[in-house]
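An overview of the molecular structure
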Amino acid sequence: MAGIYNTSLFLISRRRFRRSRGPREQRCYVFLLACLNEEKVLAESLARITALPARNTLALVIDDASDDRTADIARAACAAHPGTVHLLQRQLPNARKGKGAALNAGIAHLRSSGLLDGRDPRDVIVCVVDADGRLDPHVVQAVDPYFDNPRTGGTQIGVRMYNRHKGLLARLQDMEFVIYGDIFQSARRYIGSVGMGGNGQFMRLAALDTLLGPDGSGPWSDSLTEDLDLGVRLIARGWTNQHCTSAAVSQQAVLDVRRLVRQRSRWFQGHLQSAGLVPLIVKEVPTRAAVDLLYHLSSPVLILLTSLLPVSFLVAVAGTAVGSIEAGRPLISPMWVVGPYVLSFTAAYVYGWVYSRREQGLGLVRAVLLSHVFIFYGYIWFAAGWWGLWRMITGKRTWLKTART
């Protein structure tokens, strides 16, 4: 089932996506950076934003009660770029309640401070950038045409790892995001189920306003994957999500396996929490997009079930090996190798081809060999899945923040 689904998305993703260009409108781009102890990476990200060749941009750093030099770095940027960089400092006990809460506070501050006075919410584009996010210089020019369609609520750009040359683990994370964007997100443009990511997601302020709660609560939820939650709710409100393949935001890859599993366990737990979106999808989302979103939300269950397959295969091999010894003749045929290889590694050739087109200089052969390793890299999700499930069962909902280096 998964193989058919993945193959179908790959074929759909190869279609040429056309977008019309309407009259140029003057839009304002607001970059939100929710920060908790980000002194190691914040300065470079702000430098990239302030250097963008675009007018009408501003950046808001939301310091979520950091206890390092995050606020000092933001203040220095405010002084160097007055009117462009702004700082919102949150204090305990209201701070440190998750990324969604910090972003909601940022939106509320933009309104109460008057920074958006006189601007039409339809022409204000809010971009969420992680503190380590480094935007391509042409990102505004690449994204802006998508918002010529008045029904476009959000546009997600690609994600790369800027330290992908720092080792195999970093390279595999870069491949993971390229494959997800170039195959799955690109295909979902035609299905109507493009998801929003936590980094490099551009949203029309008017679309975010439709997600405000009756009590005045902000558009982001308290889910551990608030980006997934927001993307689904935008679609349910009738907005269209787009995926831009011509620009990307680069972030820092995790260089330690344990920290990587820790990060993915948070994502996994957030996907489990998103099961609460199922009634909304069934009721409000068009059928084709709803089917894809429901399949996507079922991925945690599929991952946990798939994690049992390697164990069962090893048990079968061990049992056959014992039987061969007792029978005095080999009972393992070549199909024991050929069959699992075809089932497991056929996708590696497709992934290698896709990645080689994005990573200039790598070469197709090296990319395909790397893709074979990438198949085993996917087993990280098995460990992360069981860890995330355990946290869910034990009621742990704390934010497992990824430490920077």
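Cut-off values and rules
- Residues numbered from 1 in each chain as written.
- Predicted model: local features only at pLDDT ≥ 70, side-chain atom pairs only at ≥ 80, totals over all residues.
- Heavy atoms only, no water.
- Buried < 20%, exposed > 50% of the residue type's maximum accessible area, 1.4 Å probe, protein only.
- Helix = DSSP H or I, 4+ residues; strand = E, 2+ residues; numbered from the N terminus.
- Pairing = 2+ DSSP bridges.
- Right-handed = clockwise from strand over helix to strand, strands pointing away.
- UniProt positions renumbered as here; feature names shortened; annotations may be inferred.
- Phe/Tyr/Trp six-rings, centres within 6.5 Å; stacked < 30°, edge-to-face > 60°.
- Lys NZ or Arg CZ within 6 Å of the ring centre and 35° of its normal.
- Contact = heavy atoms within 4.5 Å.
- Polar contact = N/O pair within 3.5 Å; in protein donor to acceptor, adjacent residues only side chain to side chain.
- pLDDT = per-residue confidence, 0-100.
- Salt bridge = Lys/Arg side-chain N within 4 Å of Asp/Glu carboxyl O.

Describing the pairing of strand S1 (residues 28-35)
Extensive coverage of S1 is indicated by the burial of 8 of its 8 residues. In terms of strand pairing, S1 meets strand S2 (residues 57-64) through 7 bridges, oriented parallel. Each bridged residue has a counterpart across the sheet, and for Cys35 the counterpart in S2 is Asp63. A crossover links S1 with its parallel partner S2, the connecting element being helix H2 (residues 42-50), and its sense is right-handed.

Here we look at the UniProt feature "transmembrane region" (unreviewed entry) in the chain
Per the UniProt record, "transmembrane region" (unreviewed entry) is found at residues 301-323, 335-355 and 367-389. Spanning residues 367-389, this segment combines 91% helix with 0% strand, and its end C-alpha atoms are found 33 Å apart.

Re the packing of aromatic side chains
The full count for this structure, using the stated rule, is 10 aromatic pairs. On the basis of an interplanar angle of 40 degrees and a centroid distance of 6.3 Å, the ring pair of Trp267 and Trp381 is categorised as tilted. With a gap of 114 residues between them, Trp267 in helix H9 (residues 257-273) and Trp381 in helix H16 (residues 380-393) connect regions that are remote in the sequence. When the centroid spacing of 5.5 Å and the interplanar angle of 55 degrees are considered together, the rings of Phe345 and Phe376 count as tilted. In this pair, Phe345 sits in helix H14 (residues 335-358) while Phe376 sits in helix H15 (residues 364-377), placing the two residues 31 residues apart along the sequence. Here a set of aromatic residues connected by ring pairs shows up, and it is made of Phe345, Phe376, Tyr379 and Phe382. Just above the ring of Tyr162 sits the side chain of Arg134; from NZ or CZ to the centre is 3.7 Å. In this arrangement the basic side chain of Arg151 is found over the ring face of Trp239, its NZ or CZ atom lying 4.4 Å from the centre.

Digging into the environment of Glu39
Assignment of secondary structure puts Glu39 in the loop between S1 and H2. Excluding residues within four positions of it along the chain, Glu39 makes contact with Asp68, Arg69, Thr70 and Ile73. Separated by 3.1 Å, the side chain of Glu39 and the backbone nitrogen of Arg69 make a polar contact.

A look at unusual backbone geometry
Apart from glycine, the bulk of residues carry a negative phi angle, and the bulk of peptide bonds sit in the trans form. For the bond running from Leu92 to Pro93, omega is 10 degrees, close enough to zero to count as cis. Positionally, Pro93 belongs in the loop between strand S3 (85-90) and helix H4 (99-112). Unusually for a residue other than glycine, Asn37 sits at a positive phi of about 55 degrees. Relative to the helices and strands, Asn37 resides in the loop between S1 and H2. Residue classification places Asn37 among the partly exposed residues on the basis of a relative accessible area of 28%. The residue Arg96 is not glycine, and still its phi comes out positive at about 55 degrees.

Notes on the confidence of the model for the chain
When the pLDDT values of the chain are averaged, the result is 89; 86% of them are 70 or greater. Within the chain, strand S7 (residues 201-204) carries the highest mean pLDDT (98), whereas helix H13 (residues 308-327) carries the lowest (63).

Concerning the pattern of salt bridges
Per the stated rule, a full pass over the model turns up 18 salt bridges. Between Asp144 and Arg27 there is a salt bridge, and its shortest N-O distance comes to 3.0 Å. In this pair, Asp144 sits in the loop between helix H5 (139-143) and strand S6 (152-161) while Arg27 sits in the loop between helix H1 (2-13) and S1, placing the two residues 117 residues apart along the sequence. We classify Asp144 as buried; its relative accessible area is 3%. The partner of Asp120 in a salt bridge is Arg122, and the shortest N-O contact between them spans 2.6 Å. For Asp120, a relative accessible area of 27% corresponds to the partly exposed category. On the basis of relative accessibility, which here comes to 52%, the residue Arg122 falls in the exposed class. Through salt bridges with shared partners, one network takes in Arg160, Arg164, Arg171, Asp174 and Glu359.

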